[in-house]
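Geometric and topological summary
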Amino acid sequence: MIDRPQMAEFLRRRREALQPEDVGMPRGQRRRTSGLRREEVAVLCHMSTDYYSRLEQERGPQPSEQMIASIAQGLHLTVAERDHLFRLAGHQPPPRGPSSEHISPGMLRIFDRLTDTPAEIVTELGETLRQTPPKVALTGDWTRFTGPSRSNGYRWFTDPASRDIYVPEDHEFLSRMYAAGLRMIAGIRGPGSRATELADLLLEQSEEFAALWADHEIGLEPDEVKRYQHPEVGRLDLNCQVLFDPHQSHRLLVYTADPGTESYEKLQMLTVIGAQSMSSS
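In this report, the structure presented in the accompanying data block is examined.

As a further point, take the pattern of salt bridges. Counted by the stated rule, this structure contains 19 salt bridges. In this structure, glutamate 101 and arginine 150 form a salt bridge, with 2.6 Å as the shortest nitrogen-oxygen distance. Residue glutamate 101 is located in the loop between helix 5 (79-88) and helix 6 (105-112), and its partner arginine 150 is located in the loop between helix 7 (133-139) and helix 8 (152-158); the two are separated by 49 residues in the primary sequence. A salt bridge links arginine 189 to glutamate 124, with the nearest nitrogen and oxygen atoms 2.8 Å apart. One end of the pair, arginine 189, is in helix 9 (residues 171-189); the other, glutamate 124, is in the loop between strand 1 (119-122) and strand 2 (128-131), with 65 residues separating them in the sequence.

Here it is in structure tokens:
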């Protein structure tokens with residue numbers, strides 16, 4: 001059963017505890033609200049202001065699990081707070097651990113401050129959960145995919161166009177790396193895991209993957225320098241720094257270029273493209 005009074009009070013308290021700078025929003029002038037405004041939370045949660053407002057006013061239909069998950073992420077809730085919100089809304093909380101897509105507040109706070117840098121948050125299976133505008137300008141919007149195609153490694157073996165963004169001389173190594181990485185995760189998670197299911201799908205659909213899987217290669221580490229072939233600005237050599245969340249098995253990837261290099265100048269151009277894209281959307 002949904003507990004409307006307690007859910008409304010919990011949402012209000014969490015909203016009032018957040019400041020605009022906590023979620024990557026400008027504070028602006030003449031601000032009288034102690035925390036975030038309802039319309040700001042609605043933007044963060046990808047829903048209408050009216051819908052969110054009704055929840056705080058103890059009105060409206062019971063929110064779906066998808067809506068609650070979106071609210072929990074928008075309000076930067078911890079996993080414990082997310083689970084509490086699910087129960088107040090009358091739902092069982094999602095499972096915790098490596099299969100969870102709930103991003104920790106600490107990682108989100110860092111991500112929210114990287115607006116002028118290509119960055120993304122990915123799961124252990126290479127599913128992109130968040131991208132900054134410069135990262136979208138660099139590789140395209142990878143959050144739009146559904147099903148197995150959400151995994152970058154799955155797309156690598158099933159969609160030839162997914163390789164176009166990488167320089168051709170790296171393709172062979174990347175194929176080996178994706179196969180070896182999936183084998184390692186499948187070994188850790190075991191039979192019946194999403195990693196094993198993804199491997200079974202690829203064994204059916206890709207002869208290249210099947211051949212690499214048969215090699216039982218494991219432990220290949222990605223290069224710190226990623227080499228991209230962008231359709232508009234050309235070749236970019238970018239350093240990739242990784243922040244790992246051991247509780248959720250999420251990684252925050254941040255891409256930078258050495259100052260004074262051609263790649264640095266091209267990355268500045270992509271940052272402008274990303275900003276223009278955001279302002280026009």
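What follows continues from the structure just given.
The next thing to look at is the side chain of glutamine 248. Within the secondary structure, glutamine 248 sits in the loop between strand 4 (234-245) and strand 5 (250-256). At 2.6 Å, the side chain of glutamine 248 forms a polar contact with the backbone oxygen of histidine 102. Once you skip the residues sitting within four places of it in the chain, glutamine 248 turns out to touch Val79, Gly97, Pro98, Ser100 and His102.

Orientation of helix 4 (residues 65-74) relative to helix 5, taken along the N-to-C sense of each, is 145°, at an axis distance of 10 Å. Like other packed secondary-structure pairs, helix 4 and helix 5 cross with a definite hand, here right-handed. Counted together, Glu65, Ile68, Ala69, Ile71 and Ala72 of helix 4 and Arg82, Leu85 and Phe86 of helix 5 form the full contact between these two elements. A per-class count over the contact of helix 4 with helix 5 returns 6 nonpolar, no polar and 2 charged.

Right, let's talk about helix 9 for a bit. With 19 residues, helix 9 should cover 27 Å at 1.5 Å per step; its first-to-last C-alpha distance of 27 Å lies within 8% of that length. If you check which residues of helix 9 are buried, you get His171, Leu174, Ser175, Met177, Tyr178, Ala179, Ala180, Leu182, Arg183, Ile185 and Ala186. Contacts made by the buried residues of helix 9 are with helix 8, helix 10 (194-205) and helix 11 (207-214). One or two steps after helix 9, the chain reaches glycine 190, where phi turns positive at roughly 90°.

Reading the values: rules and limits
- Residues numbered from 1 in each chain as written.
- Predicted model: local features only at pLDDT ≥ 70, side-chain atom pairs only at ≥ 80, totals over all residues.
- Heavy atoms only, no water.
- Salt bridge = Lys/Arg side-chain N within 4 Å of Asp/Glu carboxyl O.
- Helix = DSSP H or I, 4+ residues; strand = E, 2+ residues; numbered from the N terminus.
- Polar contact = N/O pair within 3.5 Å; in protein donor to acceptor, adjacent residues only side chain to side chain.
- Contact = heavy atoms within 4.5 Å.
- Axes fitted to C-alpha atoms, helices over the stretch in contact; angles between N-to-C directions.
- Left-handed = near helix turned anticlockwise from the far one by under 90°.
- Nonpolar A, V, L, I, M, F, W, Y, C, P; charged D, E, K, R; others polar.
- Expected span 1.5 Å × (residues − 1).
- Buried < 20%, exposed > 50% of the residue type's maximum accessible area, 1.4 Å probe, protein only.

All quantities given are derived from atomic positions and should not be read as evidence of function.
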